[in-house]
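As a plain string of letters, each chain reads:
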Amino acid sequence: MQQNDDIPVYRLGATCDLSDVSEGKIYQGKVQGFANFGMFVQLNDRIKGLVHKSNMKSEHKEKDPVLVRVRGIRPNGNIDLEEMTIQVYQVQNIERKSTIVRISDLSGRIGKTVAIEGEVAQIKQTSGPTIFTIIDESGTQNVAAFVEAGVRAYPEIELNDIVRVIGEVMVRNNQLQIEADMITALTGDDAVVVEVRIEEALNARAEPADIPLLIKSDAMERLRPEMKKIARIIRKAVFVSQPIILRHHADADGICSAVAIEQAVVALIRESGADFDAENYLFKRAPSKAPFYEIEDITRDLDFSLKDHIRFGQKMPLILLTDNGSTEEDEPSYKIASVYDIPFVVIDHHHPDATIDKYLVAHVNPYHVGGDFGITAGMLGTEVARLINPKVEPAIRHIPAIAGVGDRSEAPERQRYLELVKDQYPEAVCKDIALALDYEQFWLRFNDGREIIKDILNITGNTDRHKKLVALLVDGANSMIDDQMSACMPHVVYRELPSGAKVFLIDVEIHAHKFTFPPPGKTSGEVHDRLCKSNEGSPVVTIGIGPDFAVLRSRGVLMNIPRMVRELRVEIPGGGISGGGHLVVGSIKFVEGMRSVVLEALIKKIGEAQVQK
Ligand code: MN
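Note that the structure is a prediction, hence the values are computed from the model and not measured. (Residues numbered from 1 in each chain as written. Predicted model: local features only at pLDDT ≥ 70, side-chain atom pairs only at ≥ 80, totals over all residues. Heavy atoms only, no water.)

## Examining the pattern of salt bridges
- Applying the stated criterion to the full structure yields 43 salt bridges.
- Between Arg-224 and Glu-221 there is a salt bridge; the shortest N-O distance is 3.2 Å. A residue pair is termed a helical-turn pair when its members lie 3 or 4 positions apart in one helix, as Arg-224 and Glu-221 do in helix 2 (residues 218-239) at three residues.
- Judged by relative accessible area, which is 40%, Glu-221 ranks as partly exposed.
- Residues Glu-279 and Arg-270 are paired through a salt bridge, measuring 2.7 Å at the closest nitrogen-oxygen approach.
- Through salt bridges that share partners, Glu-117, Glu-137, Arg-164 and Arg-197 make up one connected network. (Salt bridge = Lys/Arg side-chain N within 4 Å of Asp/Glu carboxyl O. Helix = DSSP H or I, 4+ residues; strand = E, 2+ residues; numbered from the N terminus. Buried < 20%, exposed > 50% of the residue type's maximum accessible area, 1.4 Å probe, protein only.)

Here it is, written out as structure tokens:
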């Protein structure tokens, strides 16, 4: 005869499901609640049964421990229990050995209970459940945990914790979701093992594809290691659900560089799981108002990021600057960002100031390898985009040609990129698209216009609409440019310098329409183009003058605008001078009261620059 202390009582582990429950056996349970006909008893977080009142032996309240015997399991999964009163027994644990499933393998496990291990990349409280975004070495997965509507589940679990999740794989709105039965934070060695495993695998996954450049270019070849580094950093940010903010110069080249990368990143976010909306909150593109990353920009970016961090449990962002970011004008913003340890990467072709590199994790710039601004940000951005996600290449391979034409590149790379797409995008078409971008950005002000810009660049694939839109925008832009030119060309003032350079001055403040298209910089550029044509063969400098700024364009005069600005700042105390740009195309700012002093000193310096005959 069996001794009492031999009677086995089973305790179901958290991962056990119905198949681990056997008729006739006795289990430890917990009273979950009561009904007229009996009480519900939980065997673990997932499995419960009913003790009919005829099978109850004593009074209980919720959460009381209770022993129950399984009388039967019905075909629908309902379990009939009866309460047992045994004084002496032996507890045996039933543990389902939960092998950890990789996130990328979850789609084959719908309806099953699984365990995953990973890092908490985001914690978002909805009006229903709490959504934990978990990343492991293979992907990203949302886990829903519910205690009560709108109440934070597992408050002890924090962002960046390494956790084990046990739950059922479901499909919600066509997306995989795990409904959590249990989330536990791993600690000590357990956490380290998982962390190292994820880190190593992510680094391998983040490694960009080894693909050749679209064109042959020695300088760009020398930039490849740094381009790969940026691609690796961006890929990893996507895989760990770190938001990416892409800031760029608001001209055609800047837009081109940023949009190429946007296509690569958005597609990668979609591929790597997460939810539908991830591409909207994990990636943001925004043009910068100034031709640098100014304090207004970092202040906005920081403000939004910190709020998202607090409200939606998002990580702090990675910030990528294109066609901007490499000069000392950006330094005040970098200083602010460094207080929050925000990492920056830069793709630029402006003449870089060495003092900036200490703020940057990576910096692609042709000047680092003996190249110059003729290799434009749009060319570099497109090559980096291909490294981030080679699949987007067909949609973006024409972008470098548009960027090169838009930024008036004279480098051999411009011709090679044009050659690549000459059938569909001959030079005149590229020029139209670049103008359409500049014009549309004027109306967009500082919005990104994501979808409209895609149509202008013919990325959406609706070529008919693209053509109509570009034609319309080019018409609009040209008629406004013509208006502006007929107003200002008669007021151009000419000065011949001893060096042989011809300097043309146009006061864009009083002899051009203000607050309209083309803005002062582009107005000066248009004036310059006309003067270059009518002064074929001569070195030409055009200065567009505003009340407290001047915009410079030149042909055939070997100036170094950033250096001239630095020198003038020292030579004219009280001039309030700042500025920069490219070597031969740029701008200078000063205080209005010192305008004529600064301009005369500037023209003198232009006269000292060598001219090309
Ligand atoms: Mn540019």
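## Let's talk about the pairing of strand 18 (residues 493-496)
- Relative to strand 19 (residues 502-507), strand 18 runs antiparallel, the two being bridged by four bridges. The partner of Tyr-494 across the bridge, within strand 19, is Phe-504.
- Two successive antiparallel strands, strand 18 and strand 19, enclose a turn made up of five residues, where Gly-500 displays a positive phi of approximately 100°. (Pairing = 2+ DSSP bridges.)

## Some details on helix 3 (residues 252-271)
- Between its first and last C-alpha, helix 3 extends 29 Å over 20 residues, near the 28 Å set by a 1.5 Å rise per residue.
- Summarising burial for helix 3: 17 of the 20 residues are buried, a large majority. (Expected span 1.5 Å × (residues − 1).)

## Notes on the packing of helix 15 (residues 561-571) against helix 16 (residues 595-608)
- Running from N to C, helix 15 and helix 16 point in directions that differ by 135°, and their axes come no closer than 11 Å. When the axis of helix 15 is compared with that of helix 16, the two are oblique. Once helix 15 is placed against helix 16, the crossing between them reads as right-handed. Judged by residue contacts, Met-564, Glu-567, Leu-568 and Glu-571 of helix 15 engage Ala-601, Leu-602, Lys-605 and Ile-606 from helix 16.
- Tallied by class, the residues present in the contact of helix 15 with helix 16 amount to five nonpolar, no polar and three charged. (Axes fitted to C-alpha atoms, helices over the stretch in contact; angles between N-to-C directions. Parallel < 35°, antiparallel > 145°, perpendicular 65-115°, else oblique. Left-handed = near helix turned anticlockwise from the far one by under 90°. Contact = heavy atoms within 4.5 Å. Nonpolar A, V, L, I, M, F, W, Y, C, P; charged D, E, K, R; others polar.)

## Details of the environment of Phe-292
- Looking at the element boundaries, Phe-292 is found in the loop between strand 14 (283-288) and helix 5 (295-312).
- Of the residues examined, Phe-292 reaches a relative accessible area of 18% and is grouped as buried.
- Separated by 311 residues in the primary sequence, Phe-292 and Ile-603 have C-alpha atoms spaced 25 Å apart.

## Digging into the domain arrangement of the protein
- Domain annotation for the protein reports domain 1 (4-94), domain 2 (103-200), domain 3 (207-425) and domain 4 (492-611).
- Here the C-alpha centroids of domain 1 and domain 4 sit 87 Å apart. (Domains from an automatic or database assignment.)

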